[in-house]
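Spelled out, the chains give:
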Amino acid sequence: MLLCVTLIGAQGQVGHEKILPSETILMFTIPDIDKTIQLSKQSPQGKFWNDPSIQPAKEKFLAKWNADVVAPLEKELGIKFSDYSGIANGQMTFAVLFTKVATNTPPINVGSVFLMESGVNKEKLEKSLADIIQKYSKGHNVVTNKVRDLDFYELEINSEEVSKIIDKVIPNPSDGWETLDGPKPKPKNVQHKVSIGKVDSLFIASDSTNWIDKVVANKLGKSSTSLIDNQNFKKFYDSLQKDTTICAWANIEPIIQLATTKKPEEKKNQGQGGFDINAGKILNAIGLNGLKGIEMTVCMVPEGGMFDLFMKIPANERSGLIKALIPEQKDTSIPPYVPSNVVSFIRYRLDLQKTWATIESELEKIDPKIPSVINLVLQTAGKAKDPNFDWRKNIIGTMGDDLIIYSKNPPKATFENINNSANLFLLSSTNPEQLASSVKFLTLLSPKPPEVKEREIAGKKVYYWENPKLVRNPDKKEPARFTFVSSVANYVAIANDLSILQEFLNYSDGKYVPLKNFQGLSDAIKIVGSENSGLLIFQNAKEQTRFQYTLLKNETDTIASLLAMTPIGIRLGLAEDSKLLRQWIDPTLLPDFDKIAKYFGIAVSELNVEESGIRLKSFNPNPPGLN
């Protein structure tokens, strides 16, 4: 759940926006970690984690985690993690810094800084810092550097040493076994240097004392510039509500500038054969050359959690695919034929004819041959069955400006059904019958084109064909999967499940409860915007979680067998015995989902297009009846 905390730090603390150097290009901050923790406990997810019914499973997992991971790690490091808990009191920030660069030159310096306020826990911070240095200096070289008359300690961390610690804590069972290819070469040892120290109650860690010096200067009031002096950041900062939560700000412009600047060798090789494709061309085709920055805020209002992501792309600088994919500001209300038992719904008002034209244009800028090859392949596929087929006329020329997609959970939560959600895709069209008939020609792009058949449902002609099978287990017969295509009113309907298509084609008012009447949905839409934004997304988190939770509870061993093929699964020994996962997650201790369903609700998102950029707003209302 998204959390809201005030941006005003503890009394006497200076906001990190006034401490970070002006060269900061990314800032991610939690203004008050204590309030964040408290609010997380009050959120639906926090209440779920503390529900008595899941405590047996939770306690068993944590006991295993502490015994097999935490305790061995503490032994190897010679510390107790609990000795360093509870130090943070106030703001916590991670930042990336990037010096200004001149044209055609590499960056002078790039680095990162971590800041943590200790507030009333200042003495504990000082004691913990001294303890870390004292223990780390046994067997390691610790260099003490003076930064503005303050001690900062440079620690050298070797990747080889870190790997050895991990191997001791969670042994790799494949170590020591020779293969036909011989022993694998050891990865190159990489050395990292991290400097840590403090200024009063502020803990600072960075990979460069140069950045630490700038931070300390701002903290002591001995510098004239900081991040808050950046006008773009200040505008974002001033717009924050007093209860804004975690927030992030990124200045993308210098990164884009660097990526789109051709290197001397690229200019030298230009026009000497081959494709003239580079990062600059790709970014321009996508439209990222107009991206100035990204802003993100999260909070929790009394009604639920809010998320706001803003991409700063001024209207007069939008181009490429980003411009093509911006929806038109048209009706995105939920049609009455969409049933309330769907787990997701999307309505996207996109003019597909304009979008395709833009895609072709941008691909041509990368290389003129690319769109020609694509159109030739599509045109040839259609003419193989119909000499009069015209790809642009029969398909692109009939596409409209409305896309609707909704889906339902599989009838049973089993691993075999994990990718078998019932999905219905609706595409508006100026000539839906022609478009529906033409879509079947796309099956000819398959190496083994399936046979296209016809049937009638509710008086509508339906084209259908069997999809290529994905062989997961050669010893087990995989059920046939089909694609169904039909036209109704001004739409072409494409489904992967016969029942969801039949329900749509047989729709009659009052037959079932429509999604638009779902409890709390209308109010949630009003909070994120309106029904005319051009893009609306609905998710039923309760039913999505129900499927995933039931799958975990009923098919733990199957999931373990899959994890056994991953590096972490191998280290946990699942490759030898998949039932070992039950030592971590015991399905017999998990309650039925209905006992915890009250903690899960819905989520609604909208895309709002503004003059200065594009904003995605999401809202997770608190589930009805949850105190």
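Whatever comes next refers back to the structure up there.
Position numbers for residues count from 1 along each chain, tracking the sequence in the order it is written. In view of the model being predicted, local features appear only for residues whose pLDDT reaches at least 70, and side-chain atom pairs are presented and counted only at 80 or more, with totals across whole chains, interfaces and linings using the full set of residues. The side-chain values count all of the structure's non-hydrogen atoms but skip hydrogen atoms and water molecules.

Student: Describe in detail the environment of A495, supporting the description with residues and values.
Tutor: Where helices and strands are cited, they refer to DSSP runs of H or I of at least four residues and of E of at least two residues respectively, numbered from the N terminus. Note that A495 resides in strand 17 (residues 491-495). Buried residues are those whose accessible area, probed at 1.4 Å on protein chains only, stays under 20% of the maximum for their type, while exposed residues exceed 50% and partly exposed ones sit between those limits. Judged by its relative accessible area of 3%, A495 falls in the buried class. Measuring from C-alpha to C-alpha, the distance between A495 and N423 comes to 5.7 Å, with 72 residues separating the pair along the chain.

Student: Which residues make up the pattern of salt bridges, and what values go with them?
Tutor: In what follows, salt bridge is the name for a side-chain nitrogen of Lys or Arg lying within 4 Å of a carboxyl oxygen of Asp or Glu. Inspection of every chain in the model, using the stated rule, returns 26 salt bridges. Here R546 and E543 are joined by a salt bridge, their closest N and O atoms 2.9 Å apart. Of this pair, R546 and E543 both sit in helix 18 (residues 541-554), 3 residues apart, which is roughly one turn of the helix. Taking the relative accessible area as the measure of exposure, R546 reaches 25% and is therefore partly exposed. Look at E543 and you get partly exposed, because its relative accessible area is 22%. The partner of R546 in a salt bridge is D594, and the shortest N-O contact between them spans 2.9 Å. Of the two residues, R546 is situated in helix 18 and D594 in the loop between helix 20 (567-571) and strand 19 (603-609); the sequence distance between them amounts to 48 residues. When its relative accessible area of 60% is taken as the criterion, D594 is described as exposed.

Student: Run through the nonpolar core, naming residues and quoting values.
Tutor: Grouped together as the largest cluster of nonpolar side chains are 35 residues, with contacts concentrated most on F345, Y406, L424, F504 and V604. In what follows, a contact means two residues having at least one pair of non-hydrogen atoms within 4.5 Å. For F345, the contacting residues outside a window of four places in its chain are I334, P335, V338, I404, I405, Y406, L515, L536, I537 and F538. Put simply, buried Ala, Val, Leu, Ile, Met, Phe, Trp, Tyr and Cys residues joined by side-chain atoms within 4.5 Å make one nonpolar core. Counting 31 residues, the second largest nonpolar core, distinct from the first, contains Y348, L352, W465 and I614.

Student: Which residues make up the packing of helix 3 (residues 55-77) against helix 5 (residues 159-169), and what values do they have?
Tutor: Each axis is a line fitted through C-alpha atoms, taken for helices only over the stretch in contact, and angles between the N-to-C directions span 0 to 180 degrees. At a minimum axis separation of 9 Å, helix 3 and helix 5 run at an interaxial angle of 135°. The orientation of helix 3 relative to helix 5 falls into the category oblique. Read as a crossing pair, helix 3 and helix 5 show a hand that is right-handed. Contacts between helix 3 and helix 5 involve D68, V69, P72, L73, E76 and L77 from the former and I165, K168 and V169 from the latter. Throughout, the term roughly parallel applies to angles under 35 degrees, roughly antiparallel to angles over 145, roughly perpendicular to angles from 65 to 115, and oblique to all others. Left-handed is the label given to a crossing in which the near helix is rotated counterclockwise from the far helix by less than a right angle, and right-handed is the label when the rotation is clockwise.

Student: Residues and numbers for the pairing of strand 2 (residues 92-98), please.
Tutor: Note on pairing: DSSP must find at least two bridges between two strands before they are called paired. Bridge analysis of strand 1 (residues 24-30) against strand 2 gives 6 bridges, and the strand direction is antiparallel. Its bridge partner being in strand 2, M27 is matched across the sheet by A95. As paired elements, strand 2 and strand 3 (residues 110-117) share 7 bridges and run antiparallel to each other. Bridge pairing in strand 3 links V96 to S112.

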